[in-house]
Amino acid sequence: MTTAPDSDRARPEPAARSVRPDRPADTVLSVLRNPRLLTREALAGVVTTLALVPEVISFSVIAGVDPMVSLVASIVLALVMSVLGGRPAMVTAAAGSVALVIAPLVREHGTDYVLPTVVLAGLVQLAFGLAGLARLMRFIPRSVMIGFVNALGVLIFVAQVPHIIDQPWVVYPLFALTIAIVVLLPKVTKAVPAPLVAIVVVTVIAVAARLDVHTVGDEGPMGGGLPGLTPWLAPFTLETLQIIWPTVLSVAFVGLMETLLTAKLVDDLTETPSHKGKESWALGVANIAAGFYGGIAGCAMIGQTVVNVKIGRARTRVSTIAAGLFLLLLVTGLSAVMSAIPMVALAAVMMIVAITTVDWHSLKPSTLRRMPVPETLVMVITVAVVVATNNLALGVAVGVLLAMVLFARRVAHVITVERHVTPGTGADGGAESVAETVRYDVVGPLFFGSSNDLVEHFSYGDDPATVVVDLSRAQVWDASSVAALDSVDEKFRAHGVTATFVGLDDRSEAFHGRLTGRLG
């Protein structure tokens, strides 16, 4: 096979558009200098904490650990990520996704193995971030992200339903009052977050009237004080590693996936960029710290992050520091106050968060009619898997896998090969004889999906002794494509034809030259 270099260098791809990095953004310093911004960030943190507490306690029950373990770990996670994290205003705490993967380990082997599991998972996340693997997030398609967001809204809403149905009748007026305050108060003033006002008002009414309603204290014990360092009780043996290693990988990658997806969501909501690599290794450090002081791992809390960013309008690390400190205050000194908050008030706030989280535009009939069927299918499957399994990470993984298969199927048919014939001329009139020439123009990316039937596009028996295959509008991406070009060359040679391949860009030519004739 002969190749000829393309005289025109391929133009570089334009840089990917970032999320408006030129947009003026609030900084910690600007917030501390501005009382209005400081109040906004601090109150957003308070509201976020109130929305965080019942879920953290519920997740501790799922994981099979003491509620105080999850609450203290959440304080550590929130404060460490506020300092080290790469996405300001994102809330990190002991999360349900992590609780779900730790629960089987606790049921089978007890809580002694939780600390080594959390520490090793943190080390995996640390290595992931330092290795720059967070860049893989760019391969998650928009349809999967929309499915992720819509499924998140469904999960948040459904999780609140038990606090509303089959409850005493007095719950329903309190529910209606909470909704009314959250919806109507912003029309009057936005100086104070409406959810905070709603929670305070409903709590005061419930306590003053001594109403018999389900409260945060009913979710688990809320004793004051902080525990000491978590003792390492598991033996340092290979058997311990064999027991915990599957759970270590699950905790590490489920936490990373939810954190990075949440960071991307906040990027879109705030129109500001984040540092995904920094967020990844910082999560590892935070989980190691939370393991030794608290006892359980965590990741980004998506619903609470939406509360912080969308309802509280927080934009900086001040809000998450305030959330961590307020949670510390609740745990150590105000546990009685925290215990008295009616669950119906928190459920109503979270239901509104769920409704605002769903991307309703993506569900409009006009949008669905315009969207390609494969894109809609990926979104629907992502939502279905998440809702069926209650596992956001699994839903995203299935959605990405399906999107890859559908994409490969589509691009497998984008290759076109055009045959151009230049007729030869005889010696009449004294002119020099010119033989007939044939040039094939190959258009499109060559990879395993598109190059499998490349050999069928050439007329080997009908071509003259020399042909040119122009690849200036194609790129060679894998060994399958090189093998396909080798097959084309062999078929031409079998018919006594010399094929010359021209137009490859520098990268494709170097890749092709390294493998051609060596693939068997």
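Residues numbered from 1 in each chain as written. Predicted model: local features only at pLDDT ≥ 70, side-chain atom pairs only at ≥ 80, totals over all residues. Heavy atoms only, no water.

Right, let's talk about the overall build of the protein chain for a bit. Within the protein chain one finds 19 helices and seven strands. Here the protein chain has a C-alpha radius of gyration of 30 Å; the compact-globule value for 520 residues is 24 Å, and the former is much larger. The buried share of the protein chain, taken over its 520 residues, is 50%. Counted over contacts in the protein chain with a minimum sequence separation of 6, partners at least 24 positions apart contribute 84%. In the form shown here, the protein chain has an accessible surface area of approximately 24,300 Å², with 64% of it arising from carbon and sulfur atoms. Looking at charge distribution, the protein chain has the averaged site of its 36 positive side-chain charges lying 11 Å from that of its 39 negative ones. (Helix = DSSP H or I, 4+ residues; strand = E, 2+ residues; numbered from the N terminus. Rg over C-alpha atoms; globule rule 2.2 N^0.38 Å. Buried < 20%, exposed > 50% of the residue type's maximum accessible area, 1.4 Å probe, protein only. Contact = heavy atoms within 4.5 Å. Areas by Shrake-Rupley, 256 points an atom, 1.4 Å probe, with all protein chains shown as cover. Lys, Arg positive; Asp, Glu negative; His and termini not counted. Charge placed at Lys NZ, Arg CZ, Asp CG, Glu CD.)

Residues Leu50, Val53, Ile102, Ile140, Phe148 and Val216 are the most contacted members of the largest nonpolar core, which totals 110 residues. Residues contacting Phe148, with those up to four places away along its chain left out, are Leu261, Ile302, Thr382, Leu392 and Val396. Judged by nonpolar contacts, the second largest core, of 26 residues, contains Val417, Val476, Ala499 and Phe511. (Core = buried A, V, L, I, M, F, W, Y, C linked by side-chain atoms within 4.5 Å.)

The next subject is the packing of helix H11 (residues 302-311) against helix H14 (residues 343-357). Packing of H11 against H14 brings their axes to within 10 Å, and their N-to-C directions diverge by 80 degrees. Between H11 and H14, the interaxial angle falls into the category roughly perpendicular. On the side of H11, the interface is formed by Gly303, Gln304, Val306, Val307, Lys310 and Ile311, while H14 contributes Met350, Val353, Thr356 and Thr357. Of the residues in the contact of H11 with H14, the class split is five nonpolar, four polar and one charged. (Axes fitted to C-alpha atoms, helices over the stretch in contact; angles between N-to-C directions. Parallel < 35°, antiparallel > 145°, perpendicular 65-115°, else oblique. Nonpolar A, V, L, I, M, F, W, Y, C, P; charged D, E, K, R; others polar.)

The subject of this paragraph is the confidence of the model for the protein chain. Confidence along the protein chain averages 85 in pLDDT terms, with 91% of residues attaining 70 or more. Low pLDDT, under 50, characterises residues 7-22; the predicted model gives this stretch eight contacts beyond four residues in sequence or across chains. (pLDDT = per-residue confidence, 0-100.)

Helix length check: helix H5 (residues 114-130), at 17 residues, gives a terminal C-alpha distance of 24 Å against a target of 24 Å (1.5 Å per residue), a fit within 8%. Burial within H5 is extensive, with 12 of its 17 residues counted as buried. Among all positions of H5, only Val114, Leu115, Pro116, Thr117, Val118, Val119, Ala121, Gly122, Val124, Gln125, Phe128 and Gly129 are buried. Looking at the buried positions of H5, the neighbouring elements they touch are helix H4 (96-109), helix H9 (238-270) and helix H10 (276-292). Remark: Gly132 follows H5 within two positions and exhibits a positive phi of approximately 75 degrees. (Expected span 1.5 Å × (residues − 1).)

Bringing the packing of aromatic side chains into the picture now. Counted under the stated rule, the structure contains eight aromatic pairs. Between the aromatic rings of Trp232 and Phe236, the centroid separation amounts to 4.8 Å while the plane-to-plane angle is 10 degrees, which identifies the pairing as stacked. If you follow Arg507 out to its NZ or CZ, it ends over the ring of Trp477, 3.9 Å from the centre. (Phe/Tyr/Trp six-rings, centres within 6.5 Å; stacked < 30°, edge-to-face > 60°. Lys NZ or Arg CZ within 6 Å of the ring centre and 35° of its normal.)

Moving on, we get to a nonpolar patch on the surface. A grouping of Val154, Phe157, Val158, Ile355, Trp360, Leu363 and Val387 is seen on the molecular surface, where their side chains present a nonpolar patch of about 590 Å² in accessible area. Broken down by element, the residue count for the nonpolar patch peaks at three residues, all from helix H6 (residues 142-160). Structurally, Phe157 is set in helix H6. The exposure class assigned to Phe157 is partly exposed, which follows from its relative accessible area of 33%. (Patch = residues over 30% accessible without salt bridge, like charges linked within 9 Å, V, L, I, M, F, W, Y side chains within 5 Å. Salt bridge = Lys/Arg side-chain N within 4 Å of Asp/Glu carboxyl O.)

To continue, consider the side chain of Glu279. As for its placement among the helices and strands, Glu279 is situated in helix H10. Buried and without a salt bridge, Glu279 has Arg317 as its closest oppositely charged side chain, separated by 6.3 Å. Setting aside anything within four residues of it in sequence, one finds Glu279 in contact with Met81, Gly85, Gly86, Arg87, Met90 and Thr259.

To describe two helices that pack against each other, one gives the angle between their axes and the distance between the axes. Across the interface, H6 lies against H14 with an axial gap of 8 Å and an inter-helix angle of 160 degrees. Comparing their axes, H14 and H6 come out roughly antiparallel. In terms of crossing hand, the pair formed by H6 and H14 is left-handed. Together, Val149, Leu152, Gly153, Ile156, Phe157 and Gln160 of H6 and Leu346, Ala347, Met350, Met351, Ala354, Ile355 and Thr357 of H14 make up the contact between the two elements. Here the residues of the contact of H6 with H14 are counted per class, giving 10 nonpolar, three polar and no charged. (Left-handed = near helix turned anticlockwise from the far one by under 90°.)

This part covers the environment of Trp281. Inspection of the secondary structure assignment puts Trp281 in helix H10. Its relative accessible area of 25% is what places Trp281 among the partly exposed residues. On a C-alpha basis, the gap between Trp281 and Phe128 in space is 6.8 Å, while along the polypeptide they are 153 residues apart. When residues no more than four places from it in sequence are discounted, the contact partners of Trp281 are Leu84, Gln125, Leu126, Gly129 and Leu130.

Turning our eyes to something else, we now look at helix H17 (residues 392-411). With 20 residues, H17 extends 28 Å between its outermost C-alpha atoms, agreeing within 8% with the 28 Å of an ideal straight helix rising 1.5 Å per residue. Where H17 is buried, its residues touch H6, H9, H11 and helix H16 (373-389).

We note that Ala89 has phi near 75 degrees; this positive angle belongs to a residue other than glycine. Relative to the helices and strands, Ala89 resides in the loop between helix H3 (67-84) and strand E2 (92-93). Taking the relative accessible area as the measure of exposure, Ala89 reaches 2% and is therefore buried. In this structure, Glu271 is a non-glycine residue whose phi angle is positive, near 55 degrees. Within the secondary structure layout, Glu271 lies in the loop between H9 and H10.

If you walk through the whole model with that rule in mind, you get seven salt bridges. Across the pair Arg473 and Glu418 runs a salt bridge whose closest N-O atoms are separated by 3.7 Å. Of this pair, Arg473 sits in strand E6 (residues 466-476) while Glu418 is found in strand E4 (residues 416-422), placing the two residues 55 residues apart along the sequence. By relative accessible area, Arg473 is classed as partly exposed at 46%.

This paragraph deals with the side chain of Lys276. Structurally, Lys276 is set in helix H10. Given a relative accessible area of 18%, Lys276 falls into the buried group. Here the side chain of Lys276 touches Asp267 through a polar contact of 2.6 Å, side chain to side chain. Within the local environment of Lys276, its side chain forms a polar contact with the side chain of Ser274, the two groups lying 2.9 Å apart. Apart from the residues lying within four places of it in its own chain, the contact partners of Lys276 are Ala134, Leu260, Ala263, Lys264 and Asp267. (Polar contact = N/O pair within 3.5 Å; in protein donor to acceptor, adjacent residues only side chain to side chain.)

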